[in-house]
Each structure stands twice: as structure tokens, then as C-alpha cells.
Amino acid sequence: MKINPLLIIQTSELTSENWLSSPGVIGTIVLVFIVLFLGVFIFIKRLNLYVDLLEKNTKDLTEKEFEKRLINLDKKEVDEILEQRQRGFKAKLKSADITETSSEYGGFIKKIIDPKNPLFDEKTKSTTTIKISEELKEIIVWYLGAAVFWLVFGTLVGQYVGMKFVWPEMDNSSWLSFGRLRPVHTNTVFWGWASMAMIGLGHYVISRTSNREIFSYKRSKVAFWLMNASVFIGNLFLMGGINNGGGEYREYIWPVTTLFAIGLIVTFFNFYKTVATRKISEIYISNWFILASLIWTIVLTVIGYFPDYQDGLGETVIQGYYMHQGVGMWFMTFTLGLVYYFLPSTLNKPIYSYSLGVLAFWTQMLFYTLIGTHHFVFSPLPWWLQTVAIVFSAGMFIPVFAGSTNFYMTMRGSWSHISKSYVLPFFLVGVVFYFVGSVQGSFQAFRFTNYLWHFTDFNVAHSHMTMYGIITFLMWACMYSILPKITGNEPPQYLVGSHFWLAFIGLIAYMVSLMVGGTLKGLSWIEGNPFIESVILMENYWVWRAVGGSLMFISHIIFGYNFYLMVRKRKEVTLSRKQTLQAESN
Amino acid sequence: MLSLHKDHQNLVLLAFSVFVVLSIGVAIIPAYQMEEYQPIPGQKDLTVSERKGLGIYISEGCVSCHTQQVRSIEMDKTWGERPSLASDYYYSKQRMDIWRQSPSLLGSERTGPDLTNAGNRQPSDQWHLLHLYNPRLVVEASVMPRYSWLFRQIDTSSVRDDDVTLPRGITKMEGGDVLVAKEDALHLVAYLKSLQQFSFEDPPSTDFIPVLPKEESDNGTSSSSKKSIGASLYQNNCAACHQGTGRGVKGAFPPLAGSLIVNDKNPEMLIKIILMGYDARQEYGVMSPFADKLSDEDIKAIADHERSSWGNSVPKVPIETIIRLRDSISKLQ
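None of the values given here were measured: they were computed from a predicted structure.

## A few points about the overall build of chain B
Consideration 1: Counting its secondary structure elements, chain B contains eleven helices and two strands.
Consideration 2: When the helices and strands of chain B are placed in sequence order, the string is α-α-α-α-α-β-β-α-α-α-α-α-α.
Consideration 3: The buried share among the 333 residues of chain B stands at 49%.
Consideration 4: Put simply, 65% of the contacts in chain B that link residues at least 6 apart link residues at least 24 apart.
Consideration 5: Of the roughly 16,600 Å² of accessible surface on chain B, a fraction of 54% belongs to carbon and sulfur atoms.

## A look at the overall build of chain A
Consideration 1: In terms of helices and strands, chain A carries 20 helices and zero strands.
Consideration 2: The buried share of chain A, reckoned over its 586 residues, is 57%.
Consideration 3: Within chain A, contacts between residues at least 6 apart in sequence are counted, and of these 82% link residues at least 24 apart.
Consideration 4: For chain A, the accessible surface area stands at approximately 25,300 Å², while carbon and sulfur atoms represent 65% of it.

## Looking at empty space enclosed by the protein
Consideration 1: Applying the stated criterion across every chain yields a total of nine cavities of 30 Å³ or more.
Consideration 2: What the second largest cavity holds in volume is close to 160 Å³.
Consideration 3: What lines the second largest cavity is a set of 17 residues, among which Gly246(A), Gly247(A), Glu248(A), Val63(B) and Ser64(B) lie closest to the centre.
Consideration 4: Elements with a contribution of two residues or more to the lining of the second largest cavity: α6 (178-210) and α10 (314-347) of chain A.

## Observations concerning helix α11 (residues 319-332) of chain B
All names here are of chain B.
Consideration 1: The end-to-end C-alpha separation of α11 is 20 Å, in line with the 20 Å expected for 14 residues at 1.5 Å each.
Consideration 2: The complete set of buried residues in α11 reads Thr321, Ile322, Leu325 and Ile329. Viewed end-on, α11 has its buried residues packed into an arc of 95 degrees, placing them on one side of the element. Of the exposed residues in α11, those oriented more than 90 degrees away from the buried face are Glu320 and Lys331.
Consideration 3: On its buried face, α11 sits against α9 (268-276) and α10 (296-307).

## Overview of the packing of helix α5 (residues 134-166) of chain A against helix α19 (residues 539-567) of chain A
Residues and elements named next belong to chain A.
Consideration 1: Two numbers describe how α5 lies on α19: the axes approach to 9 Å, and their chain directions differ by 160 degrees. Of the possible angle classes, the one that applies to α5 and α19 is roughly antiparallel. α5 and α19 meet at a crossing whose hand is left-handed.
Consideration 2: The class makeup of the residues in the contact of α5 with α19 is 16 nonpolar, eight polar and one charged.

## Some points on the nonpolar core
Soluble globular proteins tend to pack their nonpolar side chains together in the buried interior.
Consideration 1: Core analysis: the biggest nonpolar cluster contains 196 residues, and Trp191(A), Trp193(A), Leu338(A), Phe342(A), Phe473(A) and Trp476(A) have the highest contact counts within it.
Consideration 2: Those residues in contact with Trp193(A) that sit more than four places away from it in its chain are Ala147(A), Val148(A), Trp150(A), Leu151(A), Thr188(A), Thr472(A), Met475(A), Trp476(A), Met479(A) and Phe559(A).

## Considerations on the packing of aromatic side chains
Consideration 1: One pass over the full model with this rule turns up 69 aromatic pairs over all chains.
Consideration 2: A ring pair is formed by Phe149(A) and Trp150(A), whose centres lie 5.0 Å apart and whose planes are at 65 degrees; its orientation type is edge-to-face.
Consideration 3: Exposure remark for Trp150(A): the relative accessible area of 6% places this residue in the buried category.
Consideration 4: Considering the side-chain rings of Trp254(A) and Trp99(B), the 5.7 Å spacing of their centres and the 20 degrees angle between planes classify their relative orientation as stacked. Here Trp99(B) lies in the loop between α2 (48-59) and α3 (118-121) and Trp254(A) lies in helix α8 (residues 254-276), a pairing that spans two chains.
Consideration 5: Classification of Trp254(A) by relative accessible area gives partly exposed; the value is 34%.
Consideration 6: Owing to a relative accessible area of 44%, Trp99(B) belongs among the partly exposed residues under this scheme.
Consideration 7: Each residue in the set Phe43(A), Trp193(A), Tyr422(A), Phe426(A), Tyr468(A), Phe473(A), Trp476(A), Tyr480(A), Phe500(A), Trp501(A), Phe504(A) and Phe559(A) is aromatic and connected to the rest through ring pairs, giving one cluster.
Consideration 8: Lying across the ring of Tyr133(B), Arg146(B) places its NZ or CZ 4.9 Å from the centre.

## Concerning the interface of chain A and chain B
Consideration 1: Opposite the 98 residues of chain A that make contact, chain B presents 83 residues.
Consideration 2: Between chain A and chain B we count five salt bridges in total.
Consideration 3: The residue Arg182(A) makes a salt bridge to Glu109(B) at a minimum N-O spacing of 3.8 Å.
Consideration 4: Tallied by class, residues from the side of chain A that touches chain B come to 56 nonpolar, 29 polar and 13 charged.

## Some remarks on a negative patch on the surface
Consideration 1: A surface patch of like charges, here negative, comprises Asp74(A), Glu77(A), Asp79(A), Glu80(A) and Glu83(A).
Consideration 2: Within the element layout of this structure, Glu83(A) appears in helix α4 (residues 75-94).

## Let's talk about the confidence of the model for chain A
Residues and elements named next belong to chain A.
Consideration 1: Looking at chain A, the pLDDT average stands at 86 and 86% of residues meet or exceed 70.
Consideration 2: Ranking the helices and strands of chain A by mean pLDDT puts helix α7 (residues 217-239) first, with 97, and helix α1 (residues 5-9) last, with 40.
Consideration 3: Every residue in residues 1-15 scores below 50 in pLDDT, and together they form 21 contacts with partners more than four places removed in sequence or on other chains.
Consideration 4: Residue range residues 95-103 is modelled with pLDDT below 50. Its contacts to residues more than four positions away, or to other chains, number four contacts.

## Remarks on the side chain of His556(A)
All names here are of chain A.
Consideration 1: Structurally, His556 is set in helix α19.
Consideration 2: Residue classification places His556 among the buried positions, given a relative accessible area of 1%.
Consideration 3: Not counting residues up to four positions away in its chain, the partners in contact with His556 are Leu151, Val152, Thr155, Tyr468 and Trp476.

## What about helix α12 (residues 383-395) of chain A?
Since the α-helix turns once every 3.6 residues, residues separated by three or four places project in the same direction.
Consideration 1: For α12(A), built from 13 residues, the straight-helix expectation of 18 Å at 1.5 Å per residue is met to within 8% by its first-to-last C-alpha distance of 18 Å.
Consideration 2: Taken residue by residue, α12(A) has Leu385(A), Gln386(A), Ala389(A), Ile390(A), Ser393(A) and Gly395(A) as its buried positions.
Consideration 3: Looking at the buried positions of α12(A), the neighbouring elements they touch are α10, α11 (354-368), α13 (397-411), α14 (424-445) and α15 (447-453) of chain A together with α1 (8-35) of chain B.

## Re the confidence of the model for chain B
Consideration 1: Averaged over all residues, the pLDDT of chain B equals 84, while 90% of them reach at least 70.
Consideration 2: Confidence drops under a pLDDT of 50 for residues 216-224 of chain B, and excluding neighbours within four residues, the segment shows zero contacts in the predicted structure.

## Some words on the environment of Phe563(A)
Consideration 1: Mapped onto the elements of the fold, Phe563(A) is located in helix α19.
Consideration 2: Setting aside residues up to four positions removed in sequence, Phe563(A) forms contacts with Val141(A), Leu144(A), Gly145(A), Val148(A), Met479(A) and Leu483(A).

## A closer look at the environment of Ala231(B)
Residues and elements named next belong to chain B.
Consideration 1: Here Ala231 is to be found in helix α7 (residues 223-237).
Consideration 2: By relative accessible area, Ala231 is classed as partly exposed at 27%.
Consideration 3: With 75 residues separating them in the primary sequence, Ala231 and Glu306 have C-alpha atoms 8.5 Å apart.

## Topic: the packing of α10(A) against α1(B)
Consideration 1: Two elements in contact, α10(A) and α1(B), have axes whose closest approach is 7 Å; the angle formed by their N-to-C orientations is 155 degrees. Taken together, the axis directions place α10(A) and α1(B) in an arrangement best described as roughly antiparallel. Residues Gly314(A), Val317(A), Ile318(A), Tyr321(A), Gln325(A) and Met329(A) of α10(A) lie in contact with α1(B), whose contacting residues are Phe19(B), Ser23(B), Val26(B), Ala27(B), Pro30(B), Ala31(B) and Met34(B).
Consideration 2: When its residues are assigned to classes, the contact of α10(A) with α1(B) shows ten nonpolar, three polar and no charged.

## Quick look at the pattern of salt bridges
Residue and element names in this part refer to chain B.
Consideration 1: Taken as a whole and assessed by the stated rule, the structure comprises 22 salt bridges over all chains.
Consideration 2: Arg100 is the salt-bridge partner of Asp97, the closest N and O atoms lying 3.3 Å from each other.
Consideration 3: A relative accessible area of 30% places Asp97 in the partly exposed class.
Consideration 4: Within this structure, Arg71, Asp76, Arg110 and Asp114 form a network of salt bridges that share partners.

Reading the values: the criteria
- Residues numbered from 1 in each chain as written.
- Chains lettered and ligands numbered in written order.
- Predicted model: local features only at pLDDT ≥ 70, side-chain atom pairs only at ≥ 80, totals over all residues.
- Heavy atoms only, no water.
- Helix = DSSP H or I, 4+ residues; strand = E, 2+ residues; numbered from the N terminus.
- Buried < 20%, exposed > 50% of the residue type's maximum accessible area, 1.4 Å probe, protein only.
- Contact = heavy atoms within 4.5 Å.
- Areas by Shrake-Rupley, 256 points an atom, 1.4 Å probe, with all protein chains shown as cover.
- 1 Å grid on protein atoms, 1.4 Å probe; cavity = no way out; pocket = protein on both sides within 12 Å on 5 of 7 lines; lining within 4 Å.
- Points joined across faces, edges and corners; volume = space filled by probe spheres on them.
- Expected span 1.5 Å × (residues − 1).
- Arc of directions from axis to C-beta.
- Axes fitted to C-alpha atoms, helices over the stretch in contact; angles between N-to-C directions.
- Parallel < 35°, antiparallel > 145°, perpendicular 65-115°, else oblique.
- Left-handed = near helix turned anticlockwise from the far one by under 90°.
- Nonpolar A, V, L, I, M, F, W, Y, C, P; charged D, E, K, R; others polar.
- Core = buried A, V, L, I, M, F, W, Y, C linked by side-chain atoms within 4.5 Å.
- Phe/Tyr/Trp six-rings, centres within 6.5 Å; stacked < 30°, edge-to-face > 60°.
- Lys NZ or Arg CZ within 6 Å of the ring centre and 35° of its normal.
- Salt bridge = Lys/Arg side-chain N within 4 Å of Asp/Glu carboxyl O.
- Patch = residues over 30% accessible without salt bridge, like charges linked within 9 Å, V, L, I, M, F, W, Y side chains within 5 Å.
- Lys, Arg positive; Asp, Glu negative; His and termini not counted.
- Charge placed at Lys NZ, Arg CZ, Asp CG, Glu CD.
- pLDDT = per-residue confidence, 0-100.

Structure below.
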């Protein structure tokens, strides 16, 4: 008899009412609370700092006296001081060839923050600038620029598609219909946003940890154009109604995917040759993850598109395998590689344990590869394949625990930095979601939780928890940590702060509304209610999803602007370069 | 031995080969095995038109909201008589053309209903066309997109004989305009109607797995649950056309609330229509017979529900009437 082993354990007095006591459901609720707790934690840390600041201000009597004196200054005195200050500033600007300190009234402080501003307090600025070659900088900016574009475009589409649940009559154009736009959203954020961001940051990590330049920047550019062309053409095709057969993330037809695959192959050899000619003997753990994720994804694409075994349900077997490996072997593996470099480098200390990283690497490969079929539990696919998928989904606890422990232990002792840094909250959210999202995914693969949640909107919540909570937050963390260092431009901190909070609150609203709605939907199906009731009950949850989605989208526009601020070239710089050129030619 | 920390070649080769071996075991071999399945004897291949419809089904992305798999669990009973088998997909899951692979029909989300048995549940052409043109005309709470580009608006005078038109009133056409279904719409409807779960003469004993093990002691259903059985049978079989509110759809499907036939003291006409179908009135669509789909108890439950809801209040139908009418109808044929 095929009976869920989970159910056998708990046969005693079970009715459909106590679904809440299922271990998977309890586990998920606990996990959601971990995330909420995290939000509260970061918020309280911030608040604490601010309250401290206020207290200090009120207690500081000398400061009050000073203030009194300032108020009592008469107009003449004030004018005099201001003029002196102005002269001091001007003198400093003029003297590009600083020979002597100009005026003592110039002062040290250029920016004065208002301590009474209740919303934003100043964080430590990233002081170190890192010198890298112009070519490397250019390639990184290219990739990250494309990524930012695809993020804004892809989430605009996502937001539009999400609103269609609330207002299905929004438009009547075939090119904008739900069925066609949904894959545009998913493929754009997959192959456009996350992939471009990963490869761009990958260039930096590979180059730094190998202590040499990237093997060929020309090849990097070839790969860049191939992959972006693939996303662009693929999206046009999708909107025109040409797709590969509807399998998720496999919607681009093979000629379009071939472009992307060639881009991957070029990138792999480019990275591989860089690592092969490294100037240090050890291969840093990040490069294990990055090289492996590239080679695995190449294999995956070939298997996913090779037609010989895909007529009939063979296609479904491959679909489960492909869809899960796309997430696990490409995005998750590559991103972990990036975090193994950027997290320690941001904290300015080594990773907690190298061996744990190695353990996470091999278990990631062994367990993740085998769990694809958990998307088709109770389907006509072979029962043994479903069981393997469920068992190894539970096995995923090992790489996830190994990875999370490593990151937490690396961060331990640096918690106080959170309130002072604008990069660390992104890392912290990403790392917490890595634990929460992955463990929740494993719970969802159990047969009872699958029974309750599969086919409902809960899946959508899960995929945003992982692709957004983990991958996207970690990408942002890496980008904010590295771009100011290599370009020398920092975005204003209140904009980074608004980006963080809008994205985080938006994600929570998105996630919780779909989780609650999805659960109610599953229960309604189990009760045997008419199907349309499950559509009607989702109405409010879809509205809250759209609200969360809007917050997330607004945060992406702010992020896009921050990115622009970080990479724009200062006019002064170009001017001075021209001047030096002129000087040379003269 | 392998010195993976220092030898990049060994590291990449090992990661590559283990992944390939695992992939062959967990994906390629099972995929080849799943190809060996044969069709169920008597199962029909898709016609040319149905296959074209399948193409449209894929290119419009219907699979992102509609599943086509009856899972082996109790809640999926609504969608088919038995859990789906690998052979069920024998004809539909084949490579579409050189550019596009075998369609991914099983789906991963059920925002709309499962379509495994859509053709049996909803055999009316007219309903499908109206539903595609604007789902909210026939299902008020639907969030499905409109597929209005599958129709063209022309003048009544230029309608040809073989054109399939939509009723003018409900689609709010003005002047002499009328909506005509394009070829694609007809193919798509042909495909949707072809979605009928193939039933065996001797059903194999694959049972649905209940949510949680049931307690055996629960015997005898109360009258209140009987009433809800009627309501849910009505939802699943009748509400698509006559609506959950019993008000029908003006210009397409007649109302049951206040209907003379439903409220007749003598229920014979009502039962006959349910058993044999109905096509007596020009202004409404054709109703298909339900004699083969519903048992006598089901029909009683539905008729009782109809006769006691939406302001209707007439006595219940005795089961003997239904048995007698069914017998006399089968004798006629």
C-alpha cells in the first residue's frame, strides 16, 4: 500500500481539522516568525542607536550653552563668520595643486547632519577604495547595468501580471495577456537580472581571488551580448506567443536558449582559464562554487533541451529536474560562491570555516540534484522517483545548515556593525532567508504539506522567498559592498535605507498574504468546496500581494537610481583627464 | 590524492562527472522509461483541429493556471474518476514541431480548474466560445483573461454560413455588428472539448489517498450535509451555465430562479430535461443530457437543491419518479 509514512506516525485521533499540527506546517510557521523577528531585530537596533543619539544630545549641557550662544549672536557677527567660511571653502577648491593649507576657517566637516531628523541616521562610509583595472571595472559595470535594467523591467512586468489577478480586465491585448507575460516576468528576472548580476560580480571575485586579470575581457563582452540578446529575443517571442512548450523556465525556444548557453560556455572557459593561471596555489572556495555552477548549468541546459527522451511523460521528468536544478545549481550555487567572498570581505575578517564550505559544496551537489521530482508528488511519475525526491529534500538540511552556520559564525561578534553599516542588513536578510527559504522548501516537499499546498499560491510565495529573499537580497548586498569601493561614489544613505525597507516590507507582505491565502485555498479544496470559492477567497490576498509587489517595485526604482549614482562618472574627473591629455600633447 | 584545493582540473572534472552520473540516474533513465508507455486500448488520437488547438493552448500559456493531472489524492476526485496515468498523455505529449518541444501539460499551479475532464464537464461549444471571449459573462467571479483576439467583429450581413457567431445581446454589440469566432478559437474549443478522461470498462483499483486516515464510525449523513451535497453537485455540473445564483446568463443560458419548469409541482419535465438535455428554445444555448453522468441520487440532490434555493420552494422530488423516468427513456432508445 502506498501510504504516506508521515501519516502513519500520527494516526491517533487525526481529523482534517488538526492540519495545523502537521510537522511541515508547524515548521513553516516557525520559519516565517524567524523572518519577522529579523525585521524587528534590525529595526530595534536602529532605534536604539537613534535613541542613544537623542539622549546624548539632551544631556550635553555644553552643547546647549553653545546653542544659546549661537542664537544670541547678532547679525553682524553671523555674517562675518559666514563670509570667513565661504572664503575658506573657495580657497580650498581653487588650489587643485595643494601646496599649503588655505584658510583655517575651511573646517573639517563638509556635511552636517541634523540630529533631529528622526528617520535617517548616518552610517559609516566605506572608506577603502580598491584599485582595479579599468577593463575589469568596465565589464563589471556593463553586467551590473544590464542586470539593473532587467530587474526594473522584469519586476514591472511582474507587478503588472500581479495586478491582473485583481483587475482581470486591465487590457485586451494578446501581447500583454497573463499567460504570455508570466514567463516574460520569470525568465527576465532569472536570465536577465539574477544571471547578469551574478556573472558581473563573479568577474570581480574570480579576478581578485586568483590575483590576476580576467583571462580575456573580449570574451566577457561576447558572452554579455549573447546572453542579453537571448533574453531580449526570447521575451519578444514569448509575448508573440512562441514558446517552447510551457515548461517553467524552459519557455525560450532552443535557438534562443542556445545563445544563452554559448554565453555560459564562453564565461566558463574565461573563468576557468583565469583560475588555472592564478598566482596563488589554493583555489578559494568561492571559485569552487562559481566554476561548478557554470559547468552544471551547461550540462543542465543540454539535458533540458535535448529532445530524444522528451516525448510523453519523459518531458515531465526532465521538467522537474530542470526547473529545480536551474534554481539550485545555477542561482543558489553561484550566489553562495559570491557570499563566501563578499561577506568576509565586507566584515574584514576570514570566513569561519573553510571545511564547512567544502562540505556544503559536495552535499549541495549530491542532494540538490536528486530532488527535482518533488514538484510532481502524487503525479503519474514513478513512485520511487517521487520518494527519492522527498527523501533528499529532507537531506537538503545538511548543506543548508552547513552554509548558514558558516555565515552566522562569520558574522558573530560583528552584530553591532549592523546598525552602522548599510550593506550588512542586506547580507543578514539574505542569509536568514537562505536558511528559512530552503528549510521551508524542504518542508513543502513532505507528502502532507504537499497535499495541502501544492498547486496553490503558496508555491509562488515560496519562489519569491527564495529567488527574492535569498538571491536578490544577496546580490544587492554584494553590489552595495563593492561598487562604492571600485568607483569611489557612494549613494546617499537615506536612499539605500528606503530601498532596503521598501523591499523587505514588500516581500513580507507578498509572502505572508500568499502563504495564508494559499493555505486557505488548499483547505477549501480538501473540504471539497466548489472550485470557484477558492478563487473568490483569494481576492483580498491578491490585493495584498499587489501592494507588497508595488513596494518591491518602488524599491527597485530607487535601487536603479542608486546604481546610477554609484557608477556615474564625475565631470571633474573627465575634465581633468582631458586637461592632462592636452598637457601631454602640448 | 585528488588535491582538490590546488588542482582546478580535478576539481572541475569531479564536479562535472558526478553531476552527469546523478543526472543520468535521476532524469535521463527515468525519462526514457516514461517514453515506453503505450496508449490505453481504444484511446483516440487528437484530430488535426484538436492538435492545432493544443498549439494555441500552449502558446497562450494556459498551462500557467490550468493543470491537467488528477493526482492520486482525495481532493482531486472532483477532476476525474480516477488518478491520471502515464498512458493518458500518450497522444498529447509529443514534440509540436522542430522549434518547440513536447508540451508541458501537467502544470504546477491551479489558479483555474483542472482540465483533465473539461470536455465531459462542459460539452457546449457556445459556452466555451463565450467563456473565451469574456470569462466573466458566464462565470462571474472568474479572474481568467479575455481572449478577445480570437474573435473578429464584422457586420451581420457579411456573415457566411459556416461562420460561428456569438449571441449579440450578451456581448453588447451595437448596430449590425456581430462577433465571429476565428479559426483559432474553434480549434481551441475543439481541443478543450477533446479533454475527456478515458474511462475503463473495468476500472483498475487505484484508490485516491485521503488527506488523513478516516474514522470508520462516521455512518449516516445528516440532512444538512445532504443539502450541501446537492449544492456542490449543482456547482460542479450546472453552475457553469445556470450560475451559482441560479439566475443564468441573459441571452445564453436560462435562469432557474423562478423558472416555471423548476417550480412546477410535477417535477417530471425538470427530470426529463436533466436526463435527456434540452434544445427547445431559440434564444438559449443547447443543454446536453446528463443521464450518463449523474446517478439517480445525484439528480435527486440537484433537483431538490434547485427547487429549494433562490426563492424557489416546492416539495422534494421522490426518487421513484427519477428511476421510472430513466427506465422509460432507456426503453425509448
